[in-house]
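# Tertiary structure, described
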Amino acid sequence: MNLRPPRVKGLGLVAWLAGILFFLPIAWMVLTSFHSEESAATNPPSFAASLTLDGYRDFFGTTGGASPWPALVNSTVASLASTVFVLVLALPAAYALSIRPVKKWTDVLFFFLSTKMLPVVAGLLPIYLFAKNTGMLDNIWLLVILYTSMNLPIAVWMMQSFLAEVPIAVIEAARIDGARLPTLLARVVAPIAMPGIAATALICFIFSWNELLFARVLSGVVAQTAPVFLTGFITSQGLFLAKVCAASLVISLPVLAAGFAAQDKLVQGLSLGAVK
């Protein structure tokens, strides 16, 4: 006998419908990526059209186009390096705000979040002029620095709530045993708060991988990232829908793979501290 109340069944049905609604555009993109440009451009779309790998061949440059590998490598380097730097800087800051006595720590957190309220485009011109005058235009490490500074406030804000759940008794015991701050953070605090750290790292990686505005303006050929490379497929002439869908799927795979691999840590991290 099913003892679940009708309200629970209704919420489950709504959740399934919402999941299907969000999944349908992805499924359509995947299917379109395996169609020819002529079939992809039909209206209404032809779901029974023959499948082909032409879109992926065009994306990977086997038909004579530009290779996407340099852009994919640049995105990987910028996203991974900036995420590592963010974690290295955010962990001590969050530790100070959550465990060490800091006066008016709520004001500090608000200051961190207030830096995210500035429109990104407002800082574009000063950063461009700085990069031009310092010779850092079209440099992947400039994007690493920018992504680190952009993701650091949200990382500190997230990790502060995660580290607040670390038992003080464990930290005090480690101090009595003579553990210094680097050892305390690496061997005591980090393992306990690993779900929250993993969730923070995943979110910072996704934000860095998907960033387009700064990468579009500050990079050219050498430091071009995957989203910028993707925009080059959109032209006002010719058919490009299948090729764009294939490129979008390939560029989205690293983020999807990272999210799938760390989904248990992500759920634990985002729910950490929600239930006392």
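This report concerns the structure included in the present document. Computed from a predicted structure; not experimentally measured.

Cut-offs used in this document
- Residues numbered from 1 in each chain as written.
- Predicted model: local features only at pLDDT ≥ 70, side-chain atom pairs only at ≥ 80, totals over all residues.
- Heavy atoms only, no water.
- Helix = DSSP H or I, 4+ residues; strand = E, 2+ residues; numbered from the N terminus.
- Buried < 20%, exposed > 50% of the residue type's maximum accessible area, 1.4 Å probe, protein only.
- Contact = heavy atoms within 4.5 Å.
- Areas by Shrake-Rupley, 256 points an atom, 1.4 Å probe, with all protein chains shown as cover.
- Lys, Arg positive; Asp, Glu negative; His and termini not counted.
- Charge placed at Lys NZ, Arg CZ, Asp CG, Glu CD.
- Phe/Tyr/Trp six-rings, centres within 6.5 Å; stacked < 30°, edge-to-face > 60°.
- Salt bridge = Lys/Arg side-chain N within 4 Å of Asp/Glu carboxyl O.
- Axes fitted to C-alpha atoms, helices over the stretch in contact; angles between N-to-C directions.
- Left-handed = near helix turned anticlockwise from the far one by under 90°.
- 1 Å grid on protein atoms, 1.4 Å probe; cavity = no way out; pocket = protein on both sides within 12 Å on 5 of 7 lines; lining within 4 Å.
- Points joined across faces, edges and corners; volume = space filled by probe spheres on them.
- Nonpolar A, V, L, I, M, F, W, Y, C, P; charged D, E, K, R; others polar.

Below, the discussion takes up the overall build of the protein chain. Scanning the protein chain for helices and strands turns up 14 helices and 0 strands. In sequence order, the secondary structure elements of the protein chain are arranged as α-α-α-α-α-α-α-α-α-α-α-α-α-α. Expressed along its principal axes, the backbone C-alpha trace of the protein chain runs to roughly 75 × 70 × 30 Å. The buried share of the protein chain, reckoned over its 276 residues, is 37%. Summarising the internal contacts of the protein chain: among those between residues at least 6 apart in sequence, 75% fall at separations of at least 24. Summed over all atoms, the accessible surface of the protein chain reaches about 16,300 Å², with 71% contributed by carbon and sulfur. Side-chain charges in the protein chain split into 16 positive and 11 negative, and the spacing between the mean points of these groups amounts to 12 Å.

Our next topic: the packing of aromatic side chains. Tallied over the full model, the rule gives 5 aromatic pairs. Centroid distance F59 to F60: 4.9 Å. Interplanar angle 75°. Geometry classified as edge-to-face. By relative accessible area, which is 27% here, F60 ends up partly exposed. A ring pair is formed by F59 and F229, whose centres lie 6.0 Å apart and whose planes are at 75°; its orientation type is edge-to-face. Remark: F229 occurs in helix α12 (residues 226-231) and F59 occurs in helix α3 (residues 54-59); sequence separation between them is 170 residues. Here F59 and F229 have matching classes, each one buried. Taken together, the aromatic side chains of F59, F60, W69 and F229 make up a single cluster linked through ring pairs.

This brings us to the pattern of salt bridges. In the structure shown here, the tally under the stated rule is 2 salt bridges. The residue D54 makes a salt bridge to R57 at a minimum N-O spacing of 2.8 Å. Within this pair, D54 and its partner R57 are both found in helix α3, separated by 3 residues, close to a single helical turn. In this structure, E172 engages R175 in a salt bridge whose closest nitrogen and oxygen atoms are separated by 2.9 Å. Remark: R175 and E172 occur in helix α8 (residues 168-176); sequence separation between them is 3 residues, near one turn of the helix. With a relative accessible area of 28%, R175 lands in the partly exposed category.

To continue, consider the packing of helix α4 (residues 69-98) against helix α7 (residues 140-163). Running from N to C, α4 and α7 cross one another at 35°; their axes reach a closest spacing of 6 Å. Relative to α7, the crossing made by α4 is right-handed.

Before going further, it helps to examine empty space enclosed by the protein. Enumeration over the complete set of coordinates arrives at 2 cavities of 30 Å³ or more. Empty space within the largest cavity amounts to approximately 50 Å³. Lining of the largest cavity is provided by W28, L31, T32, H35, S39, A40, P45, S46 and F47. Of all the secondary structure elements, the ones that give two or more residues to the lining of the largest cavity are α1 (6-33) and α2 (37-40). Residue contributions to the lining of the largest cavity peak at 3 residues, all from α1. Of the residues that constitute the lining of the largest cavity, the class distribution is 5 nonpolar, 4 polar and no charged. Taken as a whole, the second largest cavity encloses approximately 30 Å³ of empty space.

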